[in-house]
Every structure is written in structure tokens, then in C-alpha cells.
Amino acid sequence: MEEKRTSEEAKVKLEHDAAKLFMRQYEQLTGHRIRHIWHNRPQRPDVSCMLDGERLDLEIAHLYGSSQEAMDILKQGINANVKHQLELQEAFSNTRERLINALNAILKNKASKKYDSNRVWLVIRNAHPAWDREQVLNAMSEIQIPDGYQFDQIWLVADFMGKSGVVRLT
């Protein structure tokens, strides 16, 4: 039971860190004030905050280049579906192809989910050191945003530390 709680705490911390990076970069980019984050329970997006005084929910996802990378960052095991998806990505030796396929897989997966929220954005945090903002921008024409998703906007924190900025995908 202790291990499960520690695993959940690590996941929440990772999501909060991603939300904070995004919020800081978004504020710098747009000048809009975005503050106060708190974690939500299942059926709601991961994190909520206030954007210009109105509630905004953020669904957080992480973009990994390999299953080993995901386990190193998460400090825990990953579920079988995520592991399988990452193993499929590892088959691509070209890092550009791997980026496009990994990002499209996340977008497809998240598009199928429904959230109890009036306003939700998807924030994807890139965790792979070989990918950055420029590579994402160069791949934009091949990124496939599925129909029927619930997100008002989709953003990518272009590197794990947020140094290369954010990219709006929709």
C-alpha cells in the first residue's frame, strides 16, 4: 500500500511540475495571468488553475522517447499499454519519425477521453532530450489532431525543463 501511495505522489508531483512549467511559459508568451494550481480526482483533468480569474482545467501528458526513459523519470513501472506504445516508438530509429508517432499516439489516446470540465486544455510535456521546440515546429504538418477531442487548446512544453518554450498545437 505504501508503494502505491508513493507512486501516486510521484505522478502528482510530475504533473504539478509540468503544469507549473507550462503556466510560467504561457504567461511569458501571452502576458495573461495564470495562477494557483491544485490537483483533481479522476474524471476531472489532472490540474486546475485560474486564468485571468476564471477556472481552467489542464490535462497533463508526458511525451517519452522510450519505455526506459519513462521508467527513469517516473521512478516506477509503467502500465502495459503505455509500455507497449513506447516499445512501438522505439522501432523508429529516426528521431523525427519517433517524435511524430509518439505525439500522434498521445493525441489519439487523449482524444478518446471525456472530462467533467467546462474548459480543459491538454498540456503535453516533452521528456525526450533529443526533441525541442524547433523539432516540434518542423514536424507540425505531420502532427495529427483527431476529431472529436474535448480540449479547447492543446499545448506542448517543448523540453523537460521548459527552456525552449511552449508550442500551441491547436
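Located above this text is the structure these notes cover.
Computed from a predicted model, the values in this text were never measured in an experiment. Counting restarts for each chain: residues are numbered from 1 in the order of the written sequence. The predicted origin of the model limits local features to residues at a pLDDT of at least 70 and limits the giving and counting of side-chain atom pairs to 80 or more, whereas totals for whole chains, interfaces and linings rest on all residues. The side-chain quantities take in all heavy atoms of the structure and omit both hydrogens and water.

S.K.: Provide a residue-level description of the pattern of salt bridges, including the pertinent values.
M.R.: Salt-bridge detection follows one rule: a side-chain nitrogen of Lys or Arg within 4 Å of a carboxyl oxygen of Asp or Glu. For the structure on display, the rule yields 8 salt bridges. Between Lys11 and Glu15 there is a salt bridge, with its nearest N and O atoms 2.6 Å apart. Residue Lys11 and its partner Glu15 are both found in helix 1 (residues 2-30); the two are separated by 4 residues, about one turn of the helix. Only protein chains enter the accessibility calculation, which uses a 1.4 Å probe. A residue is then buried if its area is under 20% of the maximum for its type, exposed if over 50%, and partly exposed in between. Look at Glu15 and you get buried, because its relative accessible area is 5%. Among the ionic contacts, a cluster of salt bridges with common partners joins Arg44, Arg55, Asp57 and Asp116. Here a helix means four or more residues in a row that DSSP labels H or I, a strand means two or more in a row labelled E, and each is numbered from the N terminus.

S.K.: Explain the nonpolar core to me, using residue names and the numbers behind them.
M.R.: Only buried residues count toward a nonpolar core, which is a set of Ala, Val, Leu, Ile, Met, Phe, Trp, Tyr and Cys residues joined through side-chain atoms within 4.5 Å. In this structure, Leu63, Leu103, Ile124 and Leu169 are the most contacted members of the largest nonpolar core, which totals 21 residues. Contributing elements (two or more residues each) for this core: strand 3 (54-63), helix 4 (95-111), strand 4 (120-126), helix 5 (133-139) and strand 5 (153-157). At 6 residues, the largest contribution of residues to this core is made by helix 4. Contact partners of Leu103, with chain neighbours within four places excluded, come to Leu63, Ile124, Ile143, Leu156 and Leu169. If you look at the next biggest cluster of nonpolar residues, it comprises 18 residues, including Ala19, Cys49, Leu51 and Trp155. Only heavy atoms matter for contacts: two residues are in contact if any of them lie within 4.5 Å across the pair.

S.K.: So what's going on with unusual backbone geometry? Which residues, and what values?
M.R.: Only a minority of non-glycine residues have a phi that is not negative, and only a minority of peptide bonds are not trans. For His36, which is not glycine, the phi dihedral falls at a positive 50°. Looking at the element boundaries, His36 is found in strand 1 (residues 34-39). Backbone geometry at Asp52 places phi at a positive 50°, although glycine is not the residue there. Since its relative accessible area comes to 43%, Asp52 is described here as partly exposed.

S.K.: Please provide a residue-by-residue account of the pairing of strand 4, values included.
M.R.: Taken across its 7 residues, strand 4 has 7 buried, putting it largely inside the fold. Both faces of strand 4 are covered, namely the face carrying Val120, Leu122, Ile124 and Asn126 and the face carrying Trp121, Val123 and Arg125. Direction of pairing for strand 3 relative to strand 4: parallel, over a ladder of 7 bridges. Counterpart to Leu63 in the pairing with strand 4 is Asn126. Of the strand pairs in this sheet, strand 4 and strand 5 are connected by 5 bridges, and their pairing is parallel. Bridge pairing in strand 5 places Trp121 opposite Gln153. Strands are labelled as partners when DSSP assigns at least two bridges between them.

S.K.: An account of helix 4 is needed here, citing residue identities and associated values.
M.R.: For a helix, the expected span equals 1.5 Å multiplied by the number of residues minus one. In this model helix 4 runs 24 Å from its N-terminal to its C-terminal C-alpha over 17 residues, within 8% of the 24 Å that 1.5 Å per residue would give. For helix 4, the set of buried residues is Arg98, Leu99, Ile100, Ala102, Leu103, Asn104, Ile106, Leu107, Lys110 and Ala111. Near the N-terminus of helix 4, the side chain that reaches the backbone nitrogen of Arg96, with its oxygen 2.7 Å away, is that of Asn94. Two N or O atoms count as a polar contact when they lie within 3.5 Å, although within protein this holds only if one can serve as hydrogen donor and the other as acceptor, and sequence-adjacent residues are included solely when both atoms are side-chain atoms.

S.K.: So what's going on with the packing of aromatic side chains? Residues and values would help.
M.R.: Two measures describe an aromatic ring pair: the distance that separates the ring centres and the angle between the ring planes. In this analysis, rings of Phe, Tyr and Trp, with Trp reduced to its six-membered ring, are considered paired at centre separations within 6.5 Å, and the interplanar angle assigns stacked below 30 degrees, edge-to-face beyond 60, and tilted for intermediate values. Evaluated as defined, the whole model comprises 8 aromatic pairs. Centre to centre, the rings of Phe22 and Tyr26 are 5.6 Å apart; their planes meet at 35°, and the pair counts as tilted. Pair noted here: Phe22 and Tyr26 are both in helix 1, with a separation of 4 residues, about one helical turn. No difference in accessibility class separates Phe22 from Tyr26, as the two residues are buried.

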